[in-house]
Amino acid sequence: MSDTRLVRVWRGDADDGQLVDFQVEVHEGEVMLDVLHRLQATQAPDLAVRWNCKAGKCGSCSAEINGRPRLLCMTRMSVFSEYDEVVVTPLRTFPVIRDLVTDVSFNYAKAREIPSFTPPADLAPGEYRMAQVDVERSQEFRKCIECFLCQDVCHVVRDHEEHKESFAGPRFLMRVAELEMHPLDVADRVDAAQDEHGLGRCNITKCCTDVCPEGIKITDNALIPMKERVADRRYDPLVWLGRTISRR
Ligand code: SF4
C-alpha cells in the first residue's frame, strides 16, 4: 500500500534557507529516512541528510519533525495522519552546514572538557570489583548513542546561544554524574559539575528525558542525583561546618 504525501523539507545553508514542498510516495511501514532517500532518488539528488545505521543505534540521523527532535530512521510515517503537515528541519540548536546536516562539534568540545574515568592509583587491572547495582546504574547511562537530541531540545542552549560556553548540556552532565556515582572513580566532580559544566542552569523540565530515543531517565537518574550532591556539599550546614573545620 502506498500514497502520496506532502513533505516540507528545510533546504539551505548557514547563510539562508527555506522550506521546500515535495509530493512524495510513502509506502506502508516506511520511516522518515526512507522518504528522504526516495526524495534523493527521484526529486532532490543533492539533498543533504546525515545517516548511517538506519537502526536507531548510530545517532547520526537526528533532525526535527514538526519541531520535535527525532531520529529520522526511527520515526514511522504512520505516526502522522494523512491530514498532518510533515515538516522536516535541521536540529535548531546547532549551526546548519547544509539542508538537514548540522555541525554538532559543540558536543565533542564539551565531551573533552570532562576528565576521564579516574580509578585509585593503586588498583591494578583485574582488581576492579563493583556491586551489581552500580553496574546497572552505569549501564543505563552507557545506552547513550550520542544522537544529541537531548542537547538540541534543552532550552538552556536552544534559546540561549550565550549559554553554550558555560553549559555542557544534559548528555554531558549525565556523563559527569555517571563518573561521580561510579564506585571506582576517585576524582571529585561535584564542584566542577556546578562551576564548570553549568549544572545550576538545568531546571529539571525533563525535556531531555522526553526526547531520548534510548529511554534513559536523564533527569531522574543523573541530573537530580547530581544536584543533590551539590546541594549536600554547599548548603547542608553540617557538611559545610565539617569542611570548614577540616580546612583549618
Ligand atoms: Fe541521545 Fe539520549 Fe544520549 Fe541524549 S542521552 S544523546 S537523547 S541517546
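Residues numbered from 1 in each chain as written. Predicted model: local features only at pLDDT ≥ 70, side-chain atom pairs only at ≥ 80, totals over all residues. Heavy atoms only, no water.

Draft legend 1. Quick look at the environment of D152. Looking at the secondary structure, you find D152 in helix α4 (residues 149-153). Put simply, D152 and T93 are 59 residues apart on the chain and 5.1 Å apart in space, counted from C-alpha to C-alpha. The contact partners of D152, leaving out residues within four places of it in the chain, are E64, P69, L91, R92, T93, F94 and R158. (Helix = DSSP H or I, 4+ residues; strand = E, 2+ residues; numbered from the N terminus. Contact = heavy atoms within 4.5 Å.)

Draft legend 2. Region of interest: the site of the ligand. Surrounding the ligand, one finds C144, I145, E146, C147, F148, C150, R171, M174, C212, P213 and I218. Taken together, the residues of the shell around the ligand sort by class into nine nonpolar, no polar and two charged. (Near = heavy atom within 4 Å. Nonpolar A, V, L, I, M, F, W, Y, C, P; charged D, E, K, R; others polar.)

Draft legend 3. How the structure looks around the nonpolar core. If you look at the biggest cluster of nonpolar residues, it comprises 62 residues, and the most contacted ones within it are V9, M32, L36, L72 and I218. V9 has contacts with Q18, L19, V20, F22, L36, L39, L47, V88 and L100, leaving out every residue within four places of it along the chain. (Core = buried A, V, L, I, M, F, W, Y, C linked by side-chain atoms within 4.5 Å. Buried < 20%, exposed > 50% of the residue type's maximum accessible area, 1.4 Å probe, protein only.)

Draft legend 4. Structural detail: the pattern of salt bridges. Counted by the stated rule, this structure contains 25 salt bridges. Salt-bridge contacts for R11 lead to D99; the nearest nitrogen and oxygen are separated by 3.0 Å. Of this pair, R11 sits in strand β1 (residues 2-12) while D99 sits in the loop between β6 (96-98) and β7 (101-102), placing them 88 residues apart in sequence. Taken individually, R11 and D99 each receive the classification buried, so the pair is uniform in this respect. Where salt bridges share partners, they join D188, D191, D195, R233 and R234 into one cluster. (Salt bridge = Lys/Arg side-chain N within 4 Å of Asp/Glu carboxyl O.)

Draft legend 5. Broad picture of the packing of aromatic side chains. The full count for this structure, using the stated rule, is four aromatic pairs. With a centroid separation of 5.8 Å and an interplanar angle of 75°, the aromatic rings of Y108 and F148 are classed as edge-to-face. Highlighted residues: Y108 in helix α2 (residues 105-112) and F148 in the loop between α3 (132-142) and α4, separated in sequence by 40 residues. Among the residues examined, F148 registers a relative accessible area of 3% and is labelled buried. The interplanar angle of 35° and the centroid separation of 6.3 Å between the aromatic rings of F148 and F172 together place this pair among those described as tilted. One end of the pair, F148, is in the loop between α3 and α4; the other, F172, is in helix α6 (residues 170-180), with 24 residues separating them in the sequence. Among the aromatic side chains, those forming a connected cluster through ring pairs are Y108, F148 and F172. (Phe/Tyr/Trp six-rings, centres within 6.5 Å; stacked < 30°, edge-to-face > 60°.)

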